[in-house]
Number of protein chains: 2
Amino acid sequence: MTDHSRRQVTLDEVAERAGVSRSAASRVINNAPHVSKAKREAVQRAVTDLGYVPNATARALATQQVGAVVLAISSDNPQVFADPFFAEVAVGVNSVLEETELELILQLATSSRGQTRLEQLLRTRQADGVMLMSMHGDDPLAQLAEKSDVPVVFGGTPTNFEPQYYVDADNRGGARLATEHLVATGRRRIATITGRMDESAGTARYKGYQEALAVAGLDAGRVVYGDFSEEGGGQAMEQLLAEHPDLDAVFVASDQMAIGAMRVLKLAGKTIPGDVAVVGFNDVALARHTEPPLTTVAQPIQSLGREMARMLLALIAGESPTPLILPTRLVQRASS
Amino acid sequence: MTDHSRRQVTLDEVAERAGVSRSAASRVINNAPHVSKAKREAVQRAVTDLGYVPNATARALATQQVGAVVLAISSDNPQVFADPFFAEVAVGVNSVLEETELELILQLATSSRGQTRLEQLLRTRQADGVMLMSMHGDDPLAQLAEKSDVPVVFGGTPTNFEPQYYVDADNRGGARLATEHLVATGRRRIATITGRMDESAGTARYKGYQEALAVAGLDAGRVVYGDFSEEGGGQAMEQLLAEHPDLDAVFVASDQMAIGAMRVLKLAGKTIPGDVAVVGFNDVALARHTEPPLTTVAQPIQSLGREMARMLLALIAGESPTPLILPTRLVQRASS
DNA sequence: GAAGAAACTGGGAGCGCTTCCAGCAGACGG
DNA sequence: CCGTCTGCTGGAAGCGCTCCCAGTTTCTTC
């Protein structure tokens with residue numbers, strides 16, 4: 001049985017019980033060299049007898065390493081994290097951190113208090129590293145992070161500069177894929193509803209759309225700017241329909257918006273995909289269940305989290321990993 | 001401008017610059033009494049001049065308080081957290097923690113490594129408190145948590161005992177609401193697809209169903225046991241249809257399962273709600289978008305997170321909060 | 001104006017762990 | 001048998017902060 005006394009078991013007690021010095025005990029805990037086999041075993045026995053677990057705080061103070069990394073979401077919207085997207089990122093991050101001794105601290109920097117905290121964190125090394133998903137355009141935190149002492153890897157890229165270490169999804173390539181697919185299936189008057197243009201995901205997807213149409217020699221002028229929300233998607237579709245009644249397809253920069261857009265299309269009496277084909281982006285769970293099921297671009301969200309964590313680990317280990325762009329792929333369903 | 005030198009600014013430096021002792025400086029940092037106004041101001045000036053931020057680790061070691069609480073999800077399925085449910089809980093938790101100085105550590109205890117870590121945490125006070133959402137039946141961790149030294153609040157209740165501190169949704173009441181609604185709309189042969197019976201959410205919802213039918217004097221024998229998954233819901237529905245072809249309504253213990261069930265119903269040529277009414281549970285985002293939109297029971301997920309955090313804070317403050325059961329409510333849509 | 005209370009002040013002892021370093025013992029070759 | 005190496009040991013100095021305590025100053029009050 002392990003000890004259940006209230007007080008914590010300390011290294012000193014272990015050392016005493018094993019009949020060695022604290023230094024020696026410490027060495028075997030961290031299995032460092034310079035300990036004879038006999039003492040090593042004595043200490044190990046004492047550890048299990050006493051149920052000793054090192055005090056992480058004391059260790060952190062002594063080693064100047066916190067033993068924790070932060071997953072930070074910087075956004076002006078407190079609800080962002082409610083997006084399943086982040087939950088999946090977190091799962092990915094967790095899966096690789098689980099192999100290490102590092103804790104995962106979640107920092108939703110949505111209020112100004114949260115922002116301040118993240119800021120202090122970046123300035124004063126209260127964590128061994130941070131993964132930053134910055135969700136709005138010219139987030140000052142992103143700049144701060146980039147020149148911070150603590151290792152930072154970005155999830156997605158800020159709009160105003162390219163960070164040194166990041167992992168992102170191939171938004172541009174995905175958008176291109178989607179648009180090419182529309183071209184390949186015979187559409188010629190292809191519109192787009194973009195995402196927020198102050199997020200790189202928004203601009204990159206728009207670029208992909210433009211590229212694909214340029215290559216095909218088609219007109220890329222049927223554009224309305226959206227905001228990634230379902231409602232915004234609906235409004236954008238109305239505007240599109242008003243300005244370009246001849247469109248026969250629309251590439252929508254997110255599934256949420258695509259859902260709003262489809263609602264408007266149906267209301268306008270258009271059939272999908274008969275009159276107009278619709279393609280979304282993200283492949284959220286919902287996409288499989290719309291009427292008709294939504295063709296969309298899937299990105300490997302958990303991988304994104306996993307790779308961010310791996311990259312951070314590499315950074316902490318003193319390596320210099322190269323940025324990573326994760327592939328996206330087209331998931332073909334009935335809406336196109 | 002704040003200082004940008006590599007080394008951390010320490011309290012000693014602040015004290016020196018302000019011309020006071022370290023003790024005095026410490027007192028003003030923690031705004032404790034017994035400091036003259038002059039010194040207080042001198043220290044404050046030094047703090048801003050130097051850009052001093054207290055070292056959380058050192059403080060933790062000195063005060064024996066970690067400054068962090070853990071949100072732990074114990075489950076045998078690594079993907080649980082991908083469920084939007086937890087993301088929302090996390091948002092709620094974060095919203096109240098943001099008002100405090102506490103960090104939020106996320107601990108997905110899914111692998112055995114994660115389990116071990118959580119276990120050590122409970123045994124050795126490496127956090128000031130933990131919120132535990134235990135997702136499968138007789139999780140040994142739940143027992144361990146209950147008798148741990150560190151404050152623990154449960155999210156949901158384990159099946160095999162009632163913890164001292166918990167917040168849960170009124171699963172039973174919600175199920176009853178849903179079933180009563182079916183009765184009230186004229187259904188008489190009401191079946192149910194239950195959730196996993198090794199989770200309290202599963203058993204409680206089943207009980208609510210039984211109660212409502214007992215009160216109405218109707219037969220509660222049309223039961224198939226499900227597993228909360230979409231696929232499982234479909235299979236359960238097939239079985240239900242085979243065994244009780246006369247059913248005119250089904251209360252399904254989760255939206256995911258309800259979606260699977262509806263698919264099967266349609267395949268069987270049944271109209272919804274014409275031939276059979278369907279009610280789900282949870283009100284996930286998807287529920288609004290099914291064909292037809294799903295009537296379901298909503299639970300206040302973010303509140304759940306918020307209340308867990310509040311309760312934990314109270315516990316840490318030495319109070320003895322009482323368990324909390326959060327109301328659920330019926331969201332009526334077209335499937336019933 | 002003296003005695004006692006009240007408010008401030010800084011020294012110093014930790015919190016539990018890591019790590020440098022000087023000291024030692026045993027092994028080995030000459 | 002002595003000098004040199006190698007590998008073990010434990011003492012001690014921190015890591016940066018809190019907080020107790022004894023000493024000092026200032027303020028009351030009669």
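Worth saying up front: this structure is predicted, and the values here are computed from it rather than measured.

With that settled, the discussion passes to the packing of helix H1 (residues 11–18) of chain A against helix H2 (residues 22–29) of chain A. Residue and element names in this part refer to chain A. Orientation of H1 relative to H2, taken along the N-to-C sense of each, is 105°, at an axis distance of 8 Å. By the angle between their axes, H1 is roughly perpendicular relative to H2. For the pair formed by H1 and H2, the contact residues are Leu11, Asp12 and Ala15 on the first element and Arg22, Ala25, Ser26 and Ile29 on the second. A breakdown of the residues in the contact of H1 with H2 according to their chemical character gives four nonpolar, one polar and two charged.

This part takes up the sheet that holds strand E3 (residues 129–134) of chain A. Here 12 strands make up an open sheet; going across it, the order is E11(A)-E5(A)-E4(A)-E3(A)-E1(A)-E2(A)-E2(B)-E1(B)-E3(B)-E4(B)-E5(B)-E11(B) and the pairing mixed. The open sheet has two edge strands, strand E11 (324–326) of chain A together with strand E11 (324–326) of chain B, and neither has a second partner. The sheet shows a mean angle of 20° between the axes of neighbouring strands, direction not considered. In terms of strand pairing, strand E5 (residues 166–169) of chain A meets E11 of chain A through three bridges, oriented parallel. Paired with Ala169 of chain A across the strands is Leu326 of chain A, a residue of E11 of chain A. Packed on one face of the sheet, helix H6 (residues 112–124) of chain A meets strand E1 (68–74), strand E2 (103–109), E3 and strand E4 (152–155) of chain A together with strand E2 (103–109) of chain B and runs near 135° to E2 of chain A. The strands that helix H12 (residues 301–316) of chain B touches are strand E1 (68–74), strand E3 (129–134), strand E4 (152–155), strand E5 (166–169) and E11 of chain B; relative to E3 of chain B, the one it contacts most, it runs at about 140°.

Next up on the list: the relation of the copies chain A and chain B. Overlaying chain A on chain B yields an RMSD of 0.1 Å, the required transformation being a rotation through 180° with an accompanying axial translation of 0.0 Å. Both chain copies can therefore be described as sitting about a two-fold axis. Comparing interface residues between copies, 100% of those in chain A also lie at the interface in chain B; the contact surface is shared.

The subject of this paragraph is the protein's contact with DNA strand C. Surrounding DNA strand C, one finds 28 residues, the nearest of these being Leu11, Arg22 and Tyr52 of chain A together with Ser23 and Arg27 of chain B. Taking all atoms of DNA strand C within 4 Å of the protein, the share assigned to sugar and phosphate is 57%. Ser21 of chain B places a main-chain nitrogen or oxygen 3.1 Å from a phosphate oxygen of DNA strand C. Contacts to DNA strand C include Arg27 of chain B, whose side-chain N or O atom sits 2.4 Å from a base oxygen. Looking at the surface near DNA strand C, the elements with two or more residues in it are H2 and helix H4 (56–63) of chain A together with helix H2 (22–29) and helix H4 (56–63) of chain B.

So, on to the side chain of Asp128 of chain A. All names here are of chain A. Looking at the element boundaries, Asp128 is found in the loop between H6 and E3. Within the local environment of Asp128, its side chain forms a polar contact with the backbone nitrogen of Val66, the two atoms lying 2.8 Å apart. Setting aside anything within four residues of it in sequence, one finds Asp128 in contact with Gln65, Val66, Gly67, Ala68, Val69, Leu102, Pro151 and Ile316.

All names here are of chain A. In this structure the tally under the stated criterion is 10 aromatic pairs over all chains. When the ring of Phe154 is compared with that of Phe161, the centres are 6.1 Å apart and the planes differ by 90°; the resulting orientation is edge-to-face. Through pairs of rings, three or more aromatic residues link up here, namely Tyr206, Tyr209 and Tyr225. A cation over an aromatic ring shows up here: Arg205 above the ring of Phe281, its NZ or CZ 3.8 Å from the ring centre.

A separate point is the domain arrangement of chain A. One frequent convention defines the size of an interface as the accessible area lost when the parts assemble. Taken domain by domain, chain A holds domain 1 (11–54), domain 2 (68–169 + 302–328) and domain 3 (171–298). Each of domain 1 of chain A and domain 2 of chain A has a C-alpha centre, and these two points are 37 Å apart.

For the rest of this paragraph, the subject is the interface of chain A and chain B. On the side of chain B, 49 residues touch chain A, which itself brings 49 residues to the contact. Inspection of the chain A/chain B interface yields four salt bridges. Across the pair Arg117 of chain B and Glu103 of chain A runs a salt bridge whose closest N-O atoms are separated by 4.0 Å. There are 18 residue pairs in polar contact (both at pLDDT 80 or more) connecting chain A and chain B. Mapped onto the side of chain A that touches chain B, the elements with two or more residues apiece are H4, helix H5 (84–97), E2 and H6 of chain A. Considering only residue class, the side of chain A that touches chain B consists of 20 nonpolar, 16 polar and 13 charged.

Residues annotated by UniProt as "domain: HTH lacI-type" (unreviewed entry) correspond here to residues 9–63 of chain A. End C-alpha to end C-alpha, residues 9–63 of chain A measures 20 Å, and it is 69% helix and 0% strand.

Taken together, 26 residues lie near DNA strand D, and Arg27 of chain A together with Leu11, Arg22, Ser26 and Tyr52 of chain B sit nearest. Of everything in DNA strand D that lies within 4 Å of the protein, sugar and phosphate atoms constitute 59%. Taking Ser21 of chain A, its main chain carries an N or O atom lying 3.2 Å from a phosphate oxygen of DNA strand D. The side chain of Lys39 of chain A places a nitrogen or oxygen atom 3.2 Å from a phosphate oxygen of DNA strand D. Mapped onto the surface near DNA strand D, the elements with two or more residues apiece are H2 and H4 of chain A together with H2 and H4 of chain B. A per-class count over the surface near DNA strand D returns nine nonpolar, 11 polar and six charged.

All names here are of chain B. On the basis of which strands lie adjacent, the open sheet formed by six strands has the order E7-E6-E8-E9-E10-E12 and mixed pairing. Each having just a single partner strand, strand E7 (223–225) and strand E12 (329–331) make up the two edges of the open sheet. Averaged over all pairs of adjacent strands, the angle between their axes in this sheet comes to 20°, without regard to strand direction. Bridge count for strand E9 (residues 277–282) against strand E10 (residues 295–298) is four bridges, and the pairing is parallel. Across the sheet, residue Val279 finds its bridge partner in E10, namely Thr295. Across the sheet, helix H8 (residues 171–184) lies against strand E6 (190–194), strand E8 (249–252), E9, E10 and E12, angled at about 165° from E9, the strand it touches most. Here helix H11 (residues 255–267) sits on the sheet in contact with E6, E8, E9 and E10, set at roughly 160° to E9.

Conventions and cut-offs
Residues numbered from 1 in each chain as written. Chains lettered and ligands numbered in written order. Predicted model: local features only at pLDDT ≥ 70, side-chain atom pairs only at ≥ 80, totals over all residues. Heavy atoms only, no water. Axes fitted to C-alpha atoms, helices over the stretch in contact; angles between N-to-C directions. Helix = DSSP H or I, 4+ residues; strand = E, 2+ residues; numbered from the N terminus. Parallel < 35°, antiparallel > 145°, perpendicular 65-115°, else oblique. Contact = heavy atoms within 4.5 Å. Nonpolar A, V, L, I, M, F, W, Y, C, P; charged D, E, K, R; others polar. Pairing = 2+ DSSP bridges. Least-squares fit on C-alpha atoms with pLDDT ≥ 70 in both. Near = heavy atom within 4 Å. Polar contact = N/O pair within 3.5 Å; in protein donor to acceptor, adjacent residues only side chain to side chain. Phe/Tyr/Trp six-rings, centres within 6.5 Å; stacked < 30°, edge-to-face > 60°. Lys NZ or Arg CZ within 6 Å of the ring centre and 35° of its normal. Domains from an automatic or database assignment. Salt bridge = Lys/Arg side-chain N within 4 Å of Asp/Glu carboxyl O. UniProt positions renumbered as here; feature names shortened; annotations may be inferred.

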